[in-house]
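The residues making up each chain are set out below.
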Amino acid sequence: MGEKHKVYFEPVGIEIEVDEDETILEAAFKHGVMLMHGCKEGQCSACKSFLLDGDLEMDRFSTFALNEFEQEEGYVLLCRSHAYSDLEVELLSYREEMLNTGIPIQLVYAEVEEIEALTHDIKRLVLKLVDPPEMNFLPGQYAELYIPGSEEHRAYSMANTPSSDERAEFIIKIYPGGRFSSLLDGELKVGDRMKVKVPYGVFTLREKSEGDLIFIGGGSGMAPILSILRHMAEKGIDRRATFYYGARTRKDLFYLDEIKELGEQMPGEFRFVPALSEPEDNEWDGETGLITDVVKRLEDDLSGTEAYMAGPPPMIDAALPVLMRLGIDEDDIYYDKFTITAEAEEGDEMEAESGPEFPGRVVE
Ligand code: FES
């Protein structure tokens, strides 16, 4: 343990105590203060803030996340910063309602209870929570699942809700060579022990507002959206909602009936629009095309609506301008962008794709 210092965040007026040995971001998580973050490794710049006063030092980071010029100006990455005096830090972006969730990060020991194929490359992983036998999070948040026997971890959203008893459910796309996901192809067995750190992420339903909702998901981006929809059904949240889900072919679709059922349980009007970009045959009578094009085709005015998107970066990058053109305020668009660093066939690392404005997290 190192010396302790105080960090005061402007303009939100929150103060936390930080140990020199931990990063400011970690310390904030421990206090249940969910600051903006992505990679947590100095790669994406989601945690970029401005140092107003005090001394800090940063661990290694990518100049893509913070360039030399910015560093000289006083910008810092909170996921790399250690305080060496009391500090005053200006947050450049934050989600007001996430700043005091009061849910500190916790470590949970769990056991694999079930691994089920949902499609040819998407699996459902159910963990039984052992010690402690529960975890606290907000619907839409994610956990770090540790690769057994290692300190490496990958980030996956819970598909269940916080009220699920002693269980956590994840929807995981299998990437060949993926450090975690490929274990689900036979290596990980029922009964195996696993470490889970939870919760992370600021992708969660803004419960205080009453506006209409549009959800856009692709692939395993189903998980955080499903968690939010299940939560809405459980709590009887009465808001008009539409869920656009994009898949390539019919064999990439799953949970269609479950989502329709959830829609029936929700008090508000609910529309589910699955769409196939490569329908392949005539048996599909639903929407076709890229999910963003489907949204463009079916919607003409989304002003006053809140948007929640989860899935691969190209889907989110394509949808952002479309939603804004349809009248959604940029501040009302929330997204959870997945980044893949799966090893290529020969073991070469592929670049992480997270960008400064649209931080991602590693899901392979
Ligand atoms: S650079 Fe800090 S969270 Fe990515």
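Notes on the structure follow. (Residues numbered from 1 in each chain as written. Predicted model: local features only at pLDDT ≥ 70, side-chain atom pairs only at ≥ 80, totals over all residues. Heavy atoms only, no water.)

1. Notes on the overall build of the protein
Under the convention used in this document: In DSSP terms, a helix is any run of H or I states spanning at least four residues, a strand is any run of E spanning at least two, and both are numbered starting from the N terminus. As defined in this context, the radius of gyration uses C-alpha atoms, and a globule is described by 2.2 Å times the residue total to the power 0.38. Classification of residues uses two cut-offs on accessible area relative to the type maximum, computed with a 1.4 Å probe and protein chains only: under 20% is buried, over 50% is exposed, and between them is partly exposed. In what follows, a contact means two residues having at least one pair of non-hydrogen atoms within 4.5 Å. Surface exposure here means Shrake-Rupley accessible area, sampled with a 1.4 Å probe, where a residue is shielded only by the protein chains that are shown. Under this rule, positive means Lys or Arg and negative means Asp or Glu; His and the chain ends count for nothing. The atom standing in for a charge is NZ when the residue is Lys, CZ when it is Arg, CG when it is Asp and CD when it is Glu.
On a plain count of helices and strands, the protein comes out with 6 helices and 20 strands. The C-alpha atoms of the protein give 20 Å as radius of gyration, which agrees with the globular expectation for 364 residues (21 Å, within 12%). Along the three orthogonal principal directions, the C-alpha set of the protein runs to about 65 × 50 × 40 Å. Within the span of the protein, comprising 364 residues, buried residues form 54% of the whole. In the protein, the share of contacts with a sequence separation of at least 24, taken over all contacts with a separation of at least 6, comes to 68%. For the protein, the accessible surface area stands at approximately 16,600 Å², while carbon and sulfur atoms represent 44% of it. A gap of 4 Å separates the mean positions of the 35 positive and 76 negative side-chain charges of the protein.

2. A few points about the packing of aromatic side chains
Think of a pair of aromatic rings as described by two things: how far the centres are apart, and how the planes are tilted against each other in angle. Counted only if it meets this: Ring pairs are drawn from Phe, Tyr and Trp, using the six-membered ring of Trp, whenever the two centres fall within 6.5 Å, and their geometry is named by plane angle: stacked under 30 degrees, edge-to-face over 60, tilted for the rest. We count a charge as sitting over a ring when the NZ of a lysine or the CZ of an arginine lies within 6 Å of the ring centre and within 35 degrees of the ring normal.
Per the counting criterion, the structure on display carries 11 aromatic pairs. Geometrically, the ring pair formed by Phe29 and Tyr200 is edge-to-face, given 5.3 Å between the ring centres and 75° between the ring planes. Of this pair, Phe29 sits in helix 1 (residues 24-30) while Tyr200 sits in strand 13 (residues 193-200), and the two are 171 residues apart along the sequence. Residue classification places Phe29 among the buried residues on the basis of a relative accessible area of 4%. The class for Tyr200 is buried, based on a relative accessible area of 6%. The side chain of Lys40 reaches across the aromatic face of Tyr200, ending 4.1 Å from its centre. Over the aromatic face of Tyr334 sits the side chain of Arg95, whose NZ or CZ is 4.0 Å from the ring centroid.

3. Looking at the environment of Ile105
Here Ile105 is to be found in the loop between strand 7 (87-91) and strand 8 (106-117). Counting along the chain gives 193 residues from Ile105 to Leu298, while the straight-line C-alpha distance between them is 40 Å. Residues in contact with Ile105, not counting those within four places in the same chain, are Phe29, Lys30, Met34, Lys197, Val198, Pro199 and Tyr200.

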